[in-house]
Amino acid sequence: QVELVESGGGLVQPGGSLRLSCTASGSITSFSVLGWYRQAPGKDRELVALTTAVGVKNYADSVKGRFTISRDNARDTIYLQMNSLKPEDTAVYYCNAVGVGGRGNWWGQGTQVTVSS
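Computed from a predicted model, the values in this text were never measured in an experiment. Numbering of residues starts from 1 in every chain and runs along the sequence as written. Restriction of local features to residues with pLDDT of at least 70 applies here, the model being predicted, together with a cutoff of 80 or more for giving and counting side-chain atom pairs; totals for whole chains, interfaces and linings are based on all residues. Working from all heavy atoms in the structure, the side-chain values ignore hydrogens and water.

Observations concerning the overall build of the protein chain
Just so we agree on the cut-off: The helix and strand labels rest on DSSP assignments: H or I over at least four residues marks a helix, E over at least two residues marks a strand, and numbering proceeds from the N terminus. Type-normalised accessible area, obtained with a 1.4 Å probe on protein chains alone, sets the label of each residue: buried when under 20%, exposed when over 50%, and partly exposed for intermediate values. Note on contacts: a residue pair qualifies if any of its non-hydrogen atoms lie within 4.5 Å across the two residues. Accessible areas in this description were obtained via Shrake-Rupley with a 1.4 Å probe; residue shielding takes into account the shown protein chains only.
Within the protein chain, the secondary structure is distributed over 0 helices and 11 strands. Reading the protein chain from its N terminus to its C terminus gives the helix and strand order β-β-β-β-β-β-β-β-β-β-β. Relative to its full complement of 117 residues, the protein chain shows a buried share of 42%. For the protein chain, contacts bridging at least 24 residues in sequence account for 54% of all contacts bridging at least 6. Surface exposure of the protein chain reaches about 6,000 Å², of which carbon and sulfur atoms provide 48%.

Next comes the structure, spelled out in structure tokens:
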């Protein structure tokens, strides 16, 4: 069983920055895709950013140029650097990992990000 633990959420003013971390219980090199999703109240969960085992990165249009996904294989951790935060970025952010060949799909418990003055 894979465990993903997120951290780094909190309250920040518009225009501010936060960095989220997600640490896996095993080697992140065993996953084909690692990503960040978010879910705002009353809305569906949506993809924010993902990174693949071969280094491809994709971002939602709403966060391009503001958010950056990265990974540290030695620490089995992925990050989401969020800059120029807006109130509409307020959501619970979830870490996700997909196994090779789609075998396995795991979620973290989520971390709350609130952007408000």
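A closer look at the pairing of strand β7 (residues 67–72)
The test is simple: Pairing between two strands requires that DSSP report at least two bridges joining them.
Bridging between β7 and strand β8 (residues 77–82) involves 6 bridges; their strand directions are antiparallel. Pairing of Ile 69 across the sheet is with Leu 80, part of β8. Counting the residues that bridge the hairpin from β7 to β8 gives 4 residues, and of these Asp 76 lies at a positive phi of roughly 55°.

Regarding the environment of Val 5
Mapped onto the elements of the fold, Val 5 is located in strand β1 (residues 4–7). Expressed as a C-alpha distance, the spacing of Val 5 and Gly 110, which sit 105 residues apart in the sequence, is 8.0 Å. Excluding anything up to four places from it in sequence, Val 5 contacts Ser 21, Cys 22, Thr 23 and Gln 109.

Quick look at the nonpolar core
This is how it is decided: Here, nonpolar core means buried Ala, Val, Leu, Ile, Met, Phe, Trp, Tyr and Cys residues that are tied together by side-chain atoms lying within 4.5 Å of each other.
Of all hydrophobic cores here, the largest spans 28 residues; its most connected members are Trp 36, Leu 80, Met 82 and Tyr 93. Elements represented by at least two residues in this core include exactly β3 (18–24), β4 (31–39), β5 (46–52), β7, β8, β9 (91–99) and β11 (111–115). The residues contacting Met 82, other than those within four sequence positions of it, are Gly 16, Ser 17, Leu 18, Leu 20, Arg 66, Phe 67, Tyr 93 and Val 113.

Focus: the packing of aromatic side chains
Spelled out, the test is: Planes of paired rings set the category: under 30 degrees apart is stacked, over 60 is edge-to-face and the rest tilted, where pairs are Phe, Tyr or Trp rings (Trp by its six-membered ring) whose centres lie within 6.5 Å. A ring is scored as having a charge over it whenever the NZ atom of a lysine or the CZ atom of an arginine sits within 6 Å of its centre and within 35 degrees of its normal.
Counted by the stated rule, this structure contains 3 aromatic pairs. An angle of 70° between the planes, with centres 5.0 Å apart, marks the rings of Tyr 37 and Trp 107 as edge-to-face. Here Tyr 37 is found in strand β4, whereas its partner Trp 107 is found in strand β10 (residues 105–107), with 70 residues between them in sequence. Aromatic ring contacts, followed pair by pair, group Tyr 37, Tyr 94 and Trp 107 into a single cluster. Looking at Arg 45, its charged tip hangs above the ring of Tyr 94, at a distance of 3.7 Å from the centre.

Shape is all these values report; function is a separate question.
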